[in-house]
Amino acid sequence: MQQIADRQAERRAREAQSHREELVERIARAIRQDGEIEPLPGLHFFRLSATRGLVHSVSRPAFCIIAQGSKELFLGDRHYRYDPYHYLLVTVDLPGVSRVLEVSPTRPYLSLRLDLSPSLVGAVMAESGYTAPPSVARVGAVDVSLLDGELLDAVVRLVRLTEAPAADVQALKPLIVREIVYRLLVGDQGARLRHLAGVGGSISHIARAVECIRRNFHQPLRIEQLAREAGMSVSGFHHYFKAVTGMTPLQFQKQLRLHEARRLMIGENLPAIDAAYRVGYQDASHFNREYKRLFGAPPLRDVQRLRDAMA
């Protein structure tokens, strides 16, 4: 019996390695230059052949896999690292900092992201008859877990569709995406994924508060109102908000404001003072100090640096 079990384990290991190699080949073939593409709606491929240092961005709800290389993500006071043997799950819009590791022109960083939505997760839960286990009070909106063989197999089948006829994509993509969501639900991060479907007691209340702050980040932060809508005390709201997001509500709002100001200066060519007022700052010197603290340079210098890099 032990020999049979050993042979089965070896076979599964060979299959997983074959799948990882196939992911590298297919993503590299699909995206031959550094950057990002969306070969199928909601499915994104990324390629990077040289280190870029720390990158500030807002992570969207998504399932992320690395085919080659590794990456680390910093959200608030938390640090995550993943590679081809692990996946990252994000269930709430969160501002953070990331850095790609183990990258070179001959061995570029290759990864994919599958966007997730509340309606998709809720539909899979309903269609499959999935019964959520008892609510877990303290579970963050982001984590890394081991990528098992069945989930990896579904991902490979989805990536294959990027080279398949349109009729195959139309018929098979919804089924494979639902399978991926189902395997996430019944896996280690099922409780986390239920954030997205609005299931999970205090956790889902915090997810709704995050969405409210994200929509109204330019307005003054009303903690008492958010706590009341979540059915919590102010101290309890602070406690659960940081447990889910890794930062306080004020830190969360501040990072959203600064990211949007940066986008306005780069994408819409707004002067720093106009961008600051647009995102809710009333004092230019306060904006400059907080911007430099987050991005490492004053607005004008940081924007020029980014423009030079893009050029």
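Bear in mind the structure is a predicted one, so any value in this text is a computation, not a measurement.

J.: Please explain the sheet that holds strand E1 (residues 35–40) as it appears in this structure.
T.: Either a parallel or an antiparallel arrangement is found when strands of a sheet pair, and the pairing is made through backbone hydrogen bonds. If you trace the six strands from one edge of the open sheet to the other, you get E1-E2-E9-E4-E7-E10, paired in antiparallel fashion. Because the sheet does not close on itself, it has two edges, and the strands there are E1 and strand E10 (142–146). The mean inter-strand angle of the sheet, taken between neighbouring strand axes irrespective of direction, is 25°. Pairing of strand E7 (residues 86–90) with E10, which is carried by five bridges, proceeds in the antiparallel orientation. Bridging across to E10, His86 finds its partner in Leu146.

J.: Teacher, can you tell me more about the pairing of E1 here?
T.: On a regular strand, each side chain points to the face opposite its neighbour's, so the side chains alternate between the two faces of the sheet. Examined bridge by bridge, E1 and strand E2 (residues 43–48) share four bridges and lie antiparallel to one another. Along E2, the bridge assignment pairs Ile37 with Phe45. Taking the residues between adjacent antiparallel strands as the criterion, E1 and E2 are bridged by two residues, where Gly42 takes a positive phi near 85°.

J.: Explain the side chain of His44 to me, please; I cannot follow it from the model alone.
T.: Tracing the sequence through the fold places His44 in strand E2. A polar contact is formed between the side chain of His44 and the side chain of Glu36, at a distance of 2.9 Å. Excluding anything up to four places from it in sequence, His44 contacts Glu36, Ile37, Glu38, Pro39, Ser111, Leu112, Arg113 and Asp115.

J.: What is the right way to look at the packing of helix H9 (residues 249–267) against helix H11 (residues 284–295) in this model?
T.: Axis angle and axis distance: for two packed helices, these are the angle between their axes and the distance between the axes, and together they describe the pair. Close contact between H9 and H11 brings their axes to 10 Å; oriented N to C, the two are set at 95°. As summarised for this structure, H9 and H11 are arranged roughly perpendicular, according to the angle between their axes. Contacts between H9 and H11 involve Lys254, Gln255, Leu258, His259, Ala261, Arg262 and Met265 from the first element and Phe287, Glu290, Tyr291, Leu294 and Phe295 from the second. Across the contact of H9 with H11, the residue classes tally to seven nonpolar, two polar and three charged.

J.: Hey, could you run me through the sheet that holds strand E6 (residues 78–82) in this one?
T.: Taken together, four strands build an open sheet; the order of strands is E3-E8-E5-E6 and the sheet is antiparallel. Strands with a single pairing partner mark the edges of an open sheet, and in this sheet they are strand E3 (55–59) and E6. Adjacent strand axes in the sheet meet at a mean angle of 30°, parallel and antiparallel pairs treated alike.

J.: When you look at the pattern of salt bridges in this model, what are you seeing that I'm missing?
T.: Overall, the coordinates contain 22 salt bridges when judged by the stated rule. The salt bridge partner of Asp93 is Arg60, with a shortest N-O separation of 3.0 Å. Within this pair, whereas Asp93 is found in the loop between E7 and strand E8 (94–101), its partner Arg60 is found in the loop between E3 and strand E4 (62–68), the two being separated by 33 residues in sequence. For Arg60, a relative accessible area of 41% puts it in the partly exposed group.

J.: How should unusual backbone geometry be read in this particular structure?
T.: Trans peptide bonds make up the majority, and among non-glycine residues the majority have a negative phi. Located in the positive-phi region is Glu102, a residue other than glycine, with phi close to 50°. Counting through the fold element by element, Glu102 comes out in the loop between E8 and strand E9 (109–115). Phi is positive for Asn269, which is not a glycine, with a value near 60°. Tracing the sequence through the fold places Asn269 in the loop between H9 and helix H10 (272–278). On the basis of relative accessible area, Asn269 is assigned to the exposed category, the value being 55%.

Here is what the cut-offs are and how they apply
Counting from 1, residues in each chain are numbered in the order their sequence is written. Totals for whole chains, interfaces and linings use all residues, but because this is a predicted model, local features are given only for residues with pLDDT of at least 70 and pairs of side-chain atoms are given and counted only at 80 or more. To obtain the side-chain values, all non-hydrogen atoms of the structure were used and water was disregarded. Strand pairing is assigned whenever DSSP detects at least two bridges linking the two strands. The numbering of helices and of strands both runs from the N terminus, where a helix is a DSSP run of H or I of at least 4 residues and a strand a run of E of at least 2. Axes, fitted as lines to C-alpha atoms, cover a helix only where it is in contact. Angles between the N-to-C directions of the axes lie from 0 to 180 degrees. Definition of a polar contact: a pair of N or O atoms within 3.5 Å, with one able to donate and the other able to accept a hydrogen when the atoms are protein atoms, and with sequence-neighbouring residues admitted only if both atoms are side-chain atoms. Note on contacts: a residue pair qualifies if any of its non-hydrogen atoms lie within 4.5 Å across the two residues. Each angle gets one of four labels, with under 35 degrees taken as roughly parallel, over 145 as roughly antiparallel, 65 to 115 as roughly perpendicular, and the rest as oblique. Ten residue types, Ala, Val, Leu, Ile, Met, Phe, Trp, Tyr, Cys and Pro, are classed as nonpolar, four, Asp, Glu, Lys and Arg, as charged, and the remainder, Gly among them, as polar. By definition here, a salt bridge exists when the distance from a side-chain nitrogen of Lys or Arg to a carboxyl oxygen of Asp or Glu is within 4 Å. Throughout, exposure labels follow a simple rule: accessible area from a 1.4 Å probe, protein chains only, divided by the maximum for the residue type, with under 20% read as buried, over 50% as exposed, and the rest as partly exposed.

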